[in-house]
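What the coordinates show
Chain by chain, the residues:
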Amino acid sequence: MKSHIIQIFDQRIRSYVDAELLEDPGDDYIETVDALWSVYKKRFLRQRRAAGKPIPEHSHWNWKLKLEQERLENSFYKCFAVVRDDPQGLMMLKYGSRFVSRQVGQEGQPLVYLAYVESAPWNLKEYCDNVSYSGIGKEFYKTAIRFSNLLGFAGRIGLHSLPGAEGFYAKTCQMVSLGRDSDYDDLVYFESADNETEGKRQ
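This write-up is about the structure you can find in this document. Owing to the predicted nature of the structure, the values given are computational and were not obtained by experimental measurement.

Parameters at a glance
- Residue positions are given per chain, counted from 1 along the sequence in the order it is written.
- Given that the model is predicted, a residue must reach a pLDDT of at least 70 before its local features are reported, and side-chain atom pairs must reach 80 or more before they are shown or counted; all residues, however, enter totals for whole chains, interfaces and linings.
- No hydrogens and no water enter the side-chain calculation; it runs on all heavy atoms of the structure.
- Numbered from the N terminus, helices here are DSSP runs of H or I no shorter than four residues, and strands are runs of E no shorter than two.
- We take the radius of gyration over the C-alpha atoms and set the globule estimate at 2.2 Å times the residue count to the 0.38 power.
- Throughout this description, buried means an accessible area under 20% of the type-specific maximum (1.4 Å probe, protein chains only), exposed means over 50%, and partly exposed covers the range between.
- What makes two residues a contact is simply this: any of their non-hydrogen atoms within 4.5 Å.
- Every accessible area reported is derived by Shrake-Rupley at a probe size of 1.4 Å, with residue values counting cover from the shown protein chains alone.
- His is not counted, nor are the chain ends, whereas Lys and Arg count as positive and Asp and Glu as negative.
- The atoms used to mark charge sites are NZ of Lys, CZ of Arg, CG of Asp and CD of Glu.
- In this analysis an axis means a line fitted to C-alpha atoms, helices contributing only their contacting stretch, and an angle means the value between N-to-C directions, from 0 to 180 degrees.
- In the scheme used here, Gly and all other residues not listed as nonpolar or charged are polar, with Ala, Val, Leu, Ile, Met, Phe, Trp, Tyr, Cys and Pro taken as nonpolar and Asp, Glu, Lys and Arg as charged.
- Ring pairs shown here join Phe, Tyr and Trp side chains whose ring centres sit within 6.5 Å, with only the six-membered ring taken for Trp; geometry is labelled stacked below 30 degrees between planes, edge-to-face above 60, and tilted in between.
- Lysine NZ or arginine CZ positioned within 6 Å of the ring centre and within 35 degrees of the ring normal marks a charge as sitting over the ring.

Of the regular secondary structure elements, the protein holds five helices and nine strands. Counting from the amino terminus, the protein carries its helices and strands in the arrangement β-β-α-α-β-β-β-β-α-β-α-β-β-α. Taken against the 2.2 N^0.38 rule, which gives 17 Å for 202 residues, the C-alpha radius of gyration of the protein at 17 Å falls within 12% of a compact globule. In terms of overall dimensions, the protein has a C-alpha envelope of 50 × 35 × 35 Å along the principal axes. Taking all 202 residues of the protein together, 46% fall into the buried category. Counted over contacts in the protein with a minimum sequence separation of 6, partners at least 24 positions apart contribute 61%. As displayed, the protein has an accessible area near 10700 Å², and 48% of this comes from carbon and sulfur atoms. Positive and negative charge centroids in the protein, built from 27 and 29 side chains respectively, lie 4 Å apart.

Quick look at the packing of helix α1 (residues 27-50) against helix α2 (residues 63-72) now. Contact pair α1 / α2: the axes reach a minimum separation of 8 Å and the direction vectors enclose 140°. Across the interface between the two elements, D27, I30, E31, D34 and W37 from α1 touch W63, K64, L67 and R71 from α2. Grouping the constituent residues of the contact of α1 with α2 by class yields four nonpolar, no polar and five charged.

This next bit is on the side chain of S148. Along the chain, S148 falls in helix α3 (residues 136-150). We classify S148 as buried; its relative accessible area is 0%. Setting aside residues no more than four positions away along its own chain, S148 makes contact with V112, F153, A154, G155, R156 and I157.

Structurally, H58 is set in the loop between α1 and α2. Beyond its immediate chain neighbours, meaning those up to four positions away, H58 contacts K41, E118, L124, Y127 and L162.

Another point: the packing of aromatic side chains. Counting across every chain of the model gives 13 aromatic pairs. Ring centres 4.8 Å apart and planes at 70° place the aromatic pair Y40 and W122 in the edge-to-face group. With Y40 in helix α1 and W122 in the loop between β5 (112-119) and β6 (133-134), this residue pair connects regions lying 82 residues apart in the sequence. Since its relative accessible area comes to 10%, W122 is described here as buried. Of the aromatic side chains, those joined through ring pairs into one cluster are Y40, F44, W122 and Y127. The ring of Y133 carries R12 above its face, with NZ or CZ at 4.8 Å from the centroid. Stacked on the ring of Y189, the Lys or Arg R102 has its end atom at 3.9 Å from the ring centre.

Below is the structure:
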């Protein structure tokens, strides 16, 4: 399992700290993450329901099941994990002939599809008021850009965003919104902007 050092922001000490970016975490690791996160999700969800607050859109996600589904579909996929003591985030990328750009001037060009990205429940305001770490989503976005470049896709990536994450992809990542996709639960579809420049910047 390859790993690289990245930095994420520790909200408790208000400072950047080192973390590991793991490439291709194994099945045992994914099961451990599911089990650990499930304990915290249940606790936070009880608190939110008791307070009459909305439930996070992705609270039902199970990463082991997602991996099994990709294998059944014979998809090309790549997983990454961010670790700082505990697993702080997971991301799954997909690629292949059916993942191509929809942007004007780049139609049909291959891209990396960001299928799933999730931070640990203790890092999300949708679960708890005082989060531990931030910046994980941005690091995953940059990792997806680098992987796209590695495949020769000029930094092109695409994704369908959950409603609560639309602002993150539009503002923080400065991705281009290509509108709602009626074939994908009416979610907004985004692609990376100015791909070659963005790819060189990472």
